[in-house]
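Next come the chains, spelled out residue by residue.
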Amino acid sequence: MAMSLRVLLSTGLLLMSVCLSGCEDSPDPDSSDSGSPDAGLPDAGPVVWDGTYTELEERGDILDTGPFAPCTFDTRDAGATTCEELSRFDLSQCNLGSLSEVEAGSIYLYPLRDARPVPDGGNAVIEVGGVHFTEDGGNMFYVPLPLRDTGPGRFFVRGFAPASTAAITLAGCEQKETDIITGCFAYCYRARLIRSGTFEAHRVSRWGGEPESSGGLELLSEGYTPLGHPLDLYVTKGHAYVVSIPKQVRTGGLSIFDVSNPRAPVLKKTLSLPGDNTWNGVWAKGDALYIASNTSGTLVYDISQPAEPLFIRGLTTGGTGTHTVLVDGDRLYSMAPGTGTFVHDISEPLSPRLLTVIALPDAALLGGPHDTFVYENRLYVSDAFRGYFVVDVTDLDHVRELGGYVRPDFTFAHHSAVGTFAGRTIAFEGGEFQYAHLRVLDVTRPERIVKIGEFRTHRPFTSIHNLLLRDNLLYIAWYQDGVRVLDVSNPTRPRQVAHYNTFREADPYRTESPFEGLLGIRVPGDGYVYAADSSRGLLIFNELAQP
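Described in the following lines is the structure provided in the data block. (Residues numbered from 1 in each chain as written. Predicted model: local features only at pLDDT ≥ 70, side-chain atom pairs only at ≥ 80, totals over all residues. Heavy atoms only, no water.)

1. Focus on the overall build of the protein
Test applied: By the criteria applied, helices consist of DSSP H or I runs no shorter than four residues and strands consist of E runs no shorter than two, each listed in order from the N terminus. C-alpha atoms define the radius of gyration, and 2.2 Å times the number of residues to the power 0.38 defines the globule rule. Residue burial is assigned from relative accessible area. The probe radius is 1.4 Å, only protein chains are included, and a residue is buried under 20% of its type maximum, exposed over 50%, and partly exposed in between. Throughout, a residue-residue contact means that at least one pair of heavy atoms, one from each residue, lies within 4.5 Å. Only the protein chains shown count as covering a residue, and every accessible area follows the Shrake-Rupley method with a 1.4 Å probe.
From N to C terminus, the protein includes one helix and 42 strands. Here the protein has a C-alpha radius of gyration of 23 Å; the compact-globule value for 547 residues is 24 Å, and the two agree. Projected onto the principal axes, the alpha-carbon positions of the protein cover approximately 70 × 50 × 45 Å. A buried classification covers 62% of the 547 residues belonging to the protein. When contacts within the protein are restricted to residue pairs at least 6 apart in sequence, long-range pairs at least 24 apart make up 57% of them. Accessible surface for the protein amounts to roughly 19,200 Å². Of this, 50% is attributable to carbon and sulfur atoms.

Okay, here's the thing in structure tokens:
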């Protein structure tokens, strides 16, 4: 996404979404030649796949299983107060006796399914919102609920999006399980009924019945930061550099942790620049630290003294600033939404020199490059709402787009990792927003990219954020679903081998946003997994052995 915090307006529904960074990793955290992780390797891991597959149909992100509840909303003669008229909800077919008071402190995410007819072969519009129930009421879109009437046999909740005249009213129909409530909704905008339908609210901290962890993935330590909403991190020189964007009353910036003992990280310093603390991505090469600033572009710091970064200069990347950064060898890639990808020569890491700007078609219209991955002289661009594209960057004077993969439902291309399996080039590509999931693509021939596999969690309404490939293991930061580790030795059938649920409702500054939870992840090859959680800060796990 192109901004640190934005309001997503999609078919009239306002969802607060944190725009978030991408990260790959380098195999040696102290190497001065940090780059994409698998470049030059003939295979990502032991060959257990013969390279054959069946092409999968692209169905889009949404899995539409029909209405969530048997209730309806009367849309006839809609007027200015329609969304406030609870009598319009027909709950006669509901099991109201199953409804009980929601627990104070609980956070629910609720997919909303539009009731409008679905064309043959299509899916209903489904979007995801959130509500946080507190002792004194609750919040939706980060603002207090104007209506909360919940208790035995009833569930009515209304929320207003900030700085707008948008309102959503939820009416409960049934408590299907202890932490799942279904019902109907009405959405109004500027005193007009825009849409209505059904919802299914899930309490996210209960992890859908999963245990806290599996597969031997163990949380070894964590380090809280007082800075904003942590997004991304990079590990080098015995330190973890965690970047944050502003969140509520807290400013963003950079937090530096000494992780020389990963079981006991120590916060050494926090910093930002005057008027500039929306920092979304981070990478390093040698003594240089590169920070993606949504305000100023790409910031360059000297980390020859690892706990005392010294600001050197800023690299201008257009009016939207830099959203993510990536280092590959002697090149620094800075992704500027709506503008393009700025490529700098960093053979002298503290003195970047601009080489070119890669601007793909429709960048400004469809969001532009959100993130990239470099593999074997090809740039894999997650180009926001335009799709996923492959660009030949062997010769920067003759950059060529080789092909792309465009989803049928206009969803958001967010992040990817690429490797070689059985002689074929395979991309693991993650989307963002509601029902985003992992796609496995054969990109050997970019002019004809083929979908060969996919993976979704048991709660498909949650969203992927970042992912990275380590031999045959794919590590994924999956927002409210925490860390997911997949065995991709057979890329046509990704198989979860470990997980750790990091989301806890009581963590400081935890909110109801669909974009809360785990965001950044790094596996630098020192035996540990480092992650950034939007509330908990730095989390450190053990690295898993290869299957």
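2. Some remarks on the nonpolar core
Cut-off, in case you're wondering: Residues enter a nonpolar core if they are buried and are Ala, Val, Leu, Ile, Met, Phe, Trp, Tyr or Cys, with the set joined through side-chain atoms within 4.5 Å.
Counting 37 residues, the largest nonpolar core has Leu254, Trp279, Leu289, Ile291, Tyr333 and Leu379 as its most contacted members. For this core, the element with the highest residue contribution is strand 21 (residues 288–293), accounting for five residues. Ranked by size, the runner-up nonpolar core spans 30 residues in total, among them Trp49, Tyr380, Ile449 and Leu474.

3. Some points on the packing of aromatic side chains
The geometry of two aromatic rings is summed up by the distance between their centres and the angle between their planes. Defined as follows: Centres within 6.5 Å are what make two rings of Phe, Tyr or Trp a pair, Trp counting through its six-membered ring; a difference in plane orientation under 30 degrees is then read as stacked, over 60 as edge-to-face, and the rest as tilted. Counting as a charge over the ring demands two things of the Lys NZ or Arg CZ atom: a distance within 6 Å of the ring centre and an angle within 35 degrees of the ring normal.
Under the counting rule described, the total for this entry stands at 16 aromatic pairs. Ring centres 5.8 Å apart and planes at 80° place the aromatic pair tyrosine 108 and phenylalanine 133 in the edge-to-face group. Here tyrosine 108, found in strand 5 (residues 107–114), pairs with phenylalanine 133, found in strand 6 (residues 126–134); they are 25 residues apart in sequence, far enough to count as distant. Of the aromatic side chains, those joined through ring pairs into one cluster are Phe385, Phe412, Phe433, Tyr479 and Phe515. The aromatic ring of phenylalanine 389 is capped on one face by arginine 386, whose charged end is 3.7 Å from the ring centroid. Above the ring of tryptophan 283, the side-chain terminus of arginine 522 is found at 4.6 Å from the ring centroid.

4. Some points on the state of the cysteines
So the rule is basically this: Note on terminology: pairs of cysteine sulfur atoms within 2.5 Å are recorded as disulfides.
Evaluated as defined, the whole model comprises three disulfides. The disulfide partner of cysteine 83 is cysteine 188, and the S-S distance across this bridge is 2.0 Å. Because the sign of the S-S torsion sets the handedness, a value of about 95° for the bond joining cysteine 83 and cysteine 188 places this disulfide among the right-handed ones. Of the two residues, cysteine 83 sits in the loop between strand 3 (72–73) and strand 4 (89–90) while cysteine 188 sits in strand 12 (residues 180–189), which places them 105 residues apart along the sequence. Judged on exposure class, the residue cysteine 83 and its partner cysteine 188 are both buried. One disulfide bridge connects cysteine 94 with cysteine 173, the sulfur atoms lying 2.0 Å from each other.

5. Quick look at the sheet that holds strand 26 (residues 340–345)
Put simply, the rule reads: The pairing criterion is simple: DSSP has to find at least two bridges between the two strands. Simply put, an axis is a line fit to the C-alpha atoms, just over the touching stretch for a helix, and the angle between two N-to-C directions goes from 0 to 180 degrees.
With antiparallel pairing, four strands are arranged side by side in an open sheet as 24-25-26-27. A strand with exactly one partner marks an edge of an open sheet, and here the two such strands are strand 24 (324–328) and strand 27 (353–358). On average, adjacent strands in this sheet sit at an angle of 20° to one another, irrespective of strand direction. Where strand 26 meets strand 27, five bridges bridge the pair, whose relative direction is antiparallel. Bridge pairing in strand 27 links threonine 341 to isoleucine 358.

6. Points about the pattern of salt bridges
Oppositely charged side chains may form a pair once their charged atoms are brought near each other. In plain terms, the rule: Think of a salt bridge as a Lys or Arg side-chain nitrogen and an Asp or Glu carboxyl oxygen that are within 4 Å of each other.
Counted according to the given criterion, the structure contains 40 salt bridges. With its nearest N and O atoms 2.8 Å apart, the salt bridge here joins arginine 484 to glutamate 210. Here the residue arginine 484 occupies a position in strand 38 (residues 483–487), and glutamate 210 occupies one in the loop between strand 13 (192–203) and strand 14 (213–214), the gap between them amounting to 274 residues. Side by side, arginine 484 and glutamate 210 carry an identical accessibility label, which is buried. Each of Glu58, Arg59, Asp61, Arg439, Lys451 and Glu454 takes part in salt bridges that share partners, so that together they form one network.

7. Considering the pairing of strand 16 (residues 229–236)
The element strand 16 is extensively covered by neighbouring structure, given that eight of its eight residues are classed as buried. Where strand 16 and strand 17 (residues 239–245) come together, seven bridges link them in antiparallel fashion. Paired with threonine 236 across the two strands is histidine 239, which belongs to strand 17. The turn linking strand 16 back onto strand 17 is made up of two residues, and lysine 237 within it adopts a positive phi angle of 55°.

8. Remarks on the pairing of strand 13
Taken across its twelve residues, strand 13 has ten buried, putting it largely inside the fold. The pairing of strand 5 with strand 13 spans five bridges and is antiparallel. Bridging from a neighbouring strand, leucine 112 pairs with phenylalanine 199 of strand 13. Pairing analysis gives ten bridges linking strand 12 to strand 13, with the strands arranged antiparallel. When the bridges of strand 13 are listed, cysteine 188 appears paired with leucine 193. In textbook terms, the turn of a hairpin is the stretch between consecutive antiparallel strands, and for strand 12 and strand 13 this stretch comprises two residues, one of which, arginine 190, has a positive phi near 55°.

9. Details of the sheet that holds strand 41 (residues 528–533)
Ordered by their spatial adjacency, four strands build an open sheet running 15-42-41-40, and the pairing between neighbours is antiparallel. The outermost strands of the open sheet, each flanked by one partner alone, are strand 15 (219–223) and strand 40 (518–522). Taken over all neighbouring pairs, the strand axes of this sheet differ in orientation by 25° on average, direction set aside. Here strand 40 runs beside strand 41; their pairing, made up of four bridges, is antiparallel. Looking at the pairing, leucine 518 lines up with aspartate 533 of strand 41.

10. Some points on the side chain of threonine 511
Which entries qualify depends on this criterion: For this analysis, a polar contact is any N or O atom pair within 3.5 Å, provided that within protein one partner can donate a hydrogen and the other can accept it, and provided that sequence-adjacent residues contribute only side-chain to side-chain pairs.
Note that threonine 511 resides in the loop between strand 39 (495–500) and strand 40. At 3.2 Å, the side chain of threonine 511 forms a polar contact with the backbone nitrogen of serine 513. A polar atom in the side chain of threonine 511 sits 2.9 Å from the side chain of glutamate 516. Discounting chain neighbours no more than four positions away, the residues touching threonine 511 are Ile107, Tyr142, Lys247, Gln248, Phe503 and Glu516.

11. Thoughts on unusual backbone geometry
Of note, tryptophan 207 is a non-glycine position whose phi angle comes to about 60°, a positive value. Along the chain, the position of tryptophan 207 falls in the loop between strand 13 and strand 14. Despite not being glycine, tyrosine 435 has its phi angle at roughly 65°, a positive value. For tyrosine 435, the location among the structural elements is in the loop between strand 33 (424–432) and strand 34 (438–442).

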